[in-house]
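The primary structure of each chain is shown beneath.
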Amino acid sequence: MIGLISATAAGAAARDRLAAAWPDRTRVYEGPVADAVRRAFGECSQLVCFLATGAVVRLVAPLLSDKASDPGVVCVDESGRFAVSLVGGHGGGANELARAVGQLLGAEPVVTTATDAVGVPGLDTLGLPVEGDVAGVSRALLDGEPVALELESVWPLPALPANVLPSGVGSAVPGVAPTIRVTDRLIDTGRSGEVVLRPPSLVVGVGASKGAPVDEVLGLIEGALADAGLSVASVAALATVDAKAEEPGIVGAAERLGVPVLTYSADELAGVEVPNPSDAPLAAVGTPSVAEAAALVGGGELLVPKRKSARADGAPAMATCAVVRRPGRGRLAVVGLGPGARDLLTPRAEAELRRASVLVGLDQYVDQIRDLLRPGTRILESGLGAEEERARTAVAEARKGQAVALIGSGDAGVYAMASPALAEASDDIDVVGVPGVTAALAAGAILGAPLGHDHVSISLSDLHTPWHVIERRVLAAAEADIVVTFYNPRSRGRDWQLPKALAILGAHREPTTPVGVVRNASRPDESSRVTTLAGLDPATVDMMTVVTVGNTATRNIAGRMVTPRGYRWQETAQ
């Protein structure tokens with residue numbers, strides 16, 4: 001929850017804008033400012049104070065205890081010009097909050113964290129729990145010193161600066177040079193010049209009798225991990241049979257650990273080969289193993305075989321657990337960049353670009369977002385016509401354990417890179433799709449509301465699809481009276497397909513049917529016009545153009561294409 005505090009009418013106006021925009025994320029604190037700040041500081045994970053910076057400093061200073069647990073604090077001046085990340089830039093999320101508040105209120109975000117200021121990723125922003133000498137290693141990163149990367153557990157990390165070198169390369173010697181160690185093992189994290197990143201590589205399978213206490217389940221898990229020399233910070237999930245999905249002891253232990261509970265059917269678990277099957281769970285829930293089998297679903301190395309809890313009163317154990325290390329999997333994010341305008345690039349797409357250590361894309365698309373990449377991101381760009389090569393490259397890099405972003409314009413799943421990439425990928429990597437604003441949607445917004453009823457997109461490029469198939473689809477859309485958006489309508493080498501497609505539609509629609517033509521939607525040289533089926537000159541169309549042909553209900557109203565959501569208005573107008 002984000003606490004909102006203001007002292008004046010001007011501050012309250014900006015505060016209320018934020019509260020209205022984020023009703024489920026914010027809470028307004030009224031009353032004397034000092035009391036409001038104190039209450040919000042104790043109850044919220046973040047604060048936005050619409051006060052002078054000096055006043056906020058004085059108010060929060062006595063409340064600060066530990067940067068790992070203190071809420072992030074953002075200060076916004078009463079005129080709404082600046083959103084200053086004041087406390088908890090990384091750990092408290094104040095840097096990202098300042099950017100989000102700035103975007104919403106039209107304020108300039110002010111972030112002074114050293115790593116952010118020079119574009120070096122903060123060690124606590126890499127998406128993994130971090131322990132150890134964060135300040136010392138961060139200083140080495142900022143100073144350009146060689147920093148050793150010791151990967152005991154392979155994991156798809158975001159891009160790291162060029163001075164982070166694999167262990168043993170040049171002067172990057174662990175124990176001598178500052179070191180970043182990626183491991184799920186319990187090791188000394190108090191060494192100067194070393195930080196430990198904890199990958200979520202461990203899955204703990206859990207079985208429990210009805211009514212098993214939370215403390216017994218949690219104590220068993222923590223004891224098993226400690227005895228095996230494993231860090232609880234690397235636990236990704238608890239896993240169990242679906243009959244135990246709501247068992248309070250298991251659910252409560254997961255909540256305390258801050259991880260989800262994964263559940264599987266008894267049939268799924270019965271099919272997993274385990275070293276220690278038992279008749280007891282077979283009789284109780286229908287599978288000879290719960291803890292080991294649930295942990296081993298999806299494969300991995302069994303580090304801790306099934307063990308039972310021990311009760312101080314000598315009563316029978318009520319919980320079992322087993323621990324599996326799952327290997328790090330590469331990550332492929334297929335990212336849609338939208339039609340071109342930066343403000344139509346989604347926040348999720350920006351986050352995936354920052355998360356990637358490898359970027360694969362068409363050179364002109366890479367140029368659009370190059371400034372958003374972390375320093376150290378490896379860029380693999382190529383020219384037009386190399387789509388399948390880019391897809392193979394992206395999948396191959398992900399299979400090496402990298403965090404890869406494969407970019408495409410519009411939505412990457414619409415006439416773009418998602419199809420060839422997913423056709424190449426198998427289940428040995430994680431794949432994330434990031435939607436983008438499609439060319440059809442961008443053009444539709446410019447033209448008015450041409451897509452207000454059923455509509456279809458058809459590519460007129462016969463490079464990948466035979467023309468007779470395209471022709472059949474155009475005819476089907478014409479006969480069904482569906483609004484059609486044509487992608488790839490005309491190029492220098494393909495100048496007859498658009499006239500042919502328009503002729504097919506013209507056999508089923510009036511010559512006065514509205515047609516919208518948009519070129520370079522959302523870009524600086526954008527152009528658009530609304531014409532008719534009879535008035536469109538195909539020679540004015542190129543590959544940067546989207547052509548939208550209305551149906552029999554589409555009208556030109558005040559120069560805008562409008563397709564009504566229903567046909568009743570047409571009946572009453574006649």
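Predicted, not measured: the structure shown is a model, and the values here were computed from it. (Residues numbered from 1 in each chain as written. Predicted model: local features only at pLDDT ≥ 70, side-chain atom pairs only at ≥ 80, totals over all residues. Heavy atoms only, no water.)

**Focus: the pairing of strand E24 (residues 483-487)**
Of all 5 residues that make up E24, 5 are buried, and the element is covered over most of its length. Note on the crossover from strand E23 (residues 455-459) through helix H17 (residues 467-479) to E24: the handedness is right-handed. As judged from the 3 bridges shared by E24 and strand E27 (residues 545-549), these two strands associate in the antiparallel manner. Its bridge partner being in E27, Val484 is matched across the sheet by Val549. (Buried < 20%, exposed > 50% of the residue type's maximum accessible area, 1.4 Å probe, protein only. Helix = DSSP H or I, 4+ residues; strand = E, 2+ residues; numbered from the N terminus. Right-handed = clockwise from strand over helix to strand, strands pointing away. Pairing = 2+ DSSP bridges.)

**Quick notes on the side chain of Arg494**
As for its placement among the helices and strands, Arg494 is situated in the loop between E24 and helix H18 (497-506). Among buried charged residues, Arg494 stands out as having no salt bridge; its nearest opposite-charge side chain is Asp462, 4.5 Å away. Polar contacts involving the side chain of Arg494 include one to the main-chain carbonyl oxygen of Asn488, which spans 3.1 Å. The contacts of Arg494, once residues within four sequence positions are left out, are Leu460, Ser461, Asp462, Asn488, Pro489 and Met543. (Lys, Arg positive; Asp, Glu negative; His and termini not counted. Salt bridge = Lys/Arg side-chain N within 4 Å of Asp/Glu carboxyl O. Polar contact = N/O pair within 3.5 Å; in protein donor to acceptor, adjacent residues only side chain to side chain. Contact = heavy atoms within 4.5 Å.)

**Re empty space enclosed by the protein**
Throughout the structure, instances matching the rule amount to 1 cavity of 30 Å³ or more. In this structure, the largest cavity spans a volume of roughly 40 Å³. Taken together, Arg331, Leu332, Ala333, Glu352, Arg355, Ala356, Ala403, Val404 and Ala405 make up the full set of residues lining the largest cavity. At the level of elements, strand E17 (331-336), helix H12 (347-355) and strand E20 (403-408) are the ones that each hand at least two residues to the lining of the largest cavity. The residue makeup of the lining of the largest cavity, split by class, is 6 nonpolar, no polar and 3 charged. (1 Å grid on protein atoms, 1.4 Å probe; cavity = no way out; pocket = protein on both sides within 12 Å on 5 of 7 lines; lining within 4 Å. Points joined across faces, edges and corners; volume = space filled by probe spheres on them. Nonpolar A, V, L, I, M, F, W, Y, C, P; charged D, E, K, R; others polar.)

**Structural notes on helix H8 (residues 248-257)**
Count 3.6 residues to each turn of an α-helix, and residues three or four apart come out pointing the same way. Within H8, burial applies to Gly249, Ile250, Gly252, Ala253, Ala254 and Leu257. Buried residues along H8 sit against strand E12 (202-208), helix H7 (214-227), strand E13 (235-241) and strand E14 (261-264). Phi for Gly258, located one or two positions after H8, is positive at around 75°.

**Examining the sheet that holds strand E16 (residues 319-325)**
Judged by pairing direction, the sheet is mixed, and its 5 strands sit side by side in the order E14-E13-E12-E16-E15 without closing on themselves. On the outer flanks of this sheet lie E14 and strand E15 (301-308), each paired with one strand and no other. In this sheet, neighbouring strand axes are inclined to one another by 20° on average, regardless of whether the strands run parallel or antiparallel. Running over the sheet, H7 touches E12, E13, E15 and E16 and is turned about 40° from E16. Relative to E13, H8 is tilted by about 175°, and along the sheet it contacts E12, E13 and E14. (Axes fitted to C-alpha atoms, helices over the stretch in contact; angles between N-to-C directions.)

**Some words on the packing of aromatic side chains**
Applying the stated criterion across every chain yields a total of 2 aromatic pairs. Taking 4.7 Å as the distance between ring centres and 50° as the angle between the ring planes, the aromatic pair formed by Tyr415 and Tyr487 counts as tilted. One end of the pair, Tyr415, is in the loop between E20 and helix H15 (418-424); the other, Tyr487, is in strand E24, with 72 residues separating them in the sequence. Owing to a relative accessible area of 9%, Tyr487 belongs among the buried residues under this scheme. Ring centres of Trp467 and Trp496 lie 5.0 Å apart, and the angle between their planes is 70°; on these two criteria the pair is classed as edge-to-face. Remark: Trp496 occurs in the loop between E24 and H18 and Trp467 occurs in helix H17; sequence separation between them is 29 residues. Given the relative accessible area of 14%, Trp467 is considered buried. (Phe/Tyr/Trp six-rings, centres within 6.5 Å; stacked < 30°, edge-to-face > 60°.)

**Brief notes about the pattern of salt bridges**
Going through the model one piece at a time under the given rule, you end up with 28 salt bridges. Among the salt bridges present, the one from Arg38 reaches Asp35, with a minimum N-O distance of 2.9 Å. Here Arg38 and its partner Asp35 are both found in helix H2 (residues 33-43), 3 residues apart, which amounts to about one turn of the helix. Here Asp35 falls in the partly exposed class, since its relative accessible area comes to 34%. For the salt bridge of Arg331 with Glu352, the shortest nitrogen-to-oxygen distance reads 2.7 Å. Within this pair, whereas Arg331 is found in strand E17, its partner Glu352 is found in helix H12, the two being separated by 21 residues in sequence. Overall, the relative accessible area of 9% leaves Glu352 in the buried class. The network of salt bridges with shared partners includes Glu152, Arg181, Arg185, Arg191 and Glu194.

**Describing H18**
Looking at H18, one finds that the buried residues are Gln497, Leu498, Ala501, Leu502, Ile504 and Leu505. Around the axis of H18, the buried residues are gathered within 155° of arc, so they sit on the same side. Buried residues along H18 sit against H17, E24 and E27. (Arc of directions from axis to C-beta.)

**Here's the deal with the nonpolar core**
By size, the foremost hydrophobic cluster in this structure holds 24 residues, and its most contacted members are Val204, Val206, Val217, Ile221, Leu225, Leu238 and Val323. Listing elements by their share of this core, those giving two or more residues are E12, H7, E13, H8 and E16. Sort the elements by how many residues they give to this core and H7 lands first, with 6 residues. Residue contacts for Val217: discarding those within four places in its chain leaves Val206, Ala212, Gly249, Ile250, Ala253 and Ala319. Among the nonpolar cores identified, the runner-up in size contains 21 residues, and Ala478, Val517, Val547 and Val549 belong to it. (Core = buried A, V, L, I, M, F, W, Y, C linked by side-chain atoms within 4.5 Å.)

**Here's the deal with the confidence of the model for the protein**
Within the protein, residue pLDDT values average 89, and 96% of them lie at 70 or more. Of all secondary-structure elements in the protein, the lowest mean pLDDT belongs to helix H19 (residues 568-573), at 53, while E24 reaches the highest, 97. (pLDDT = per-residue confidence, 0-100.)

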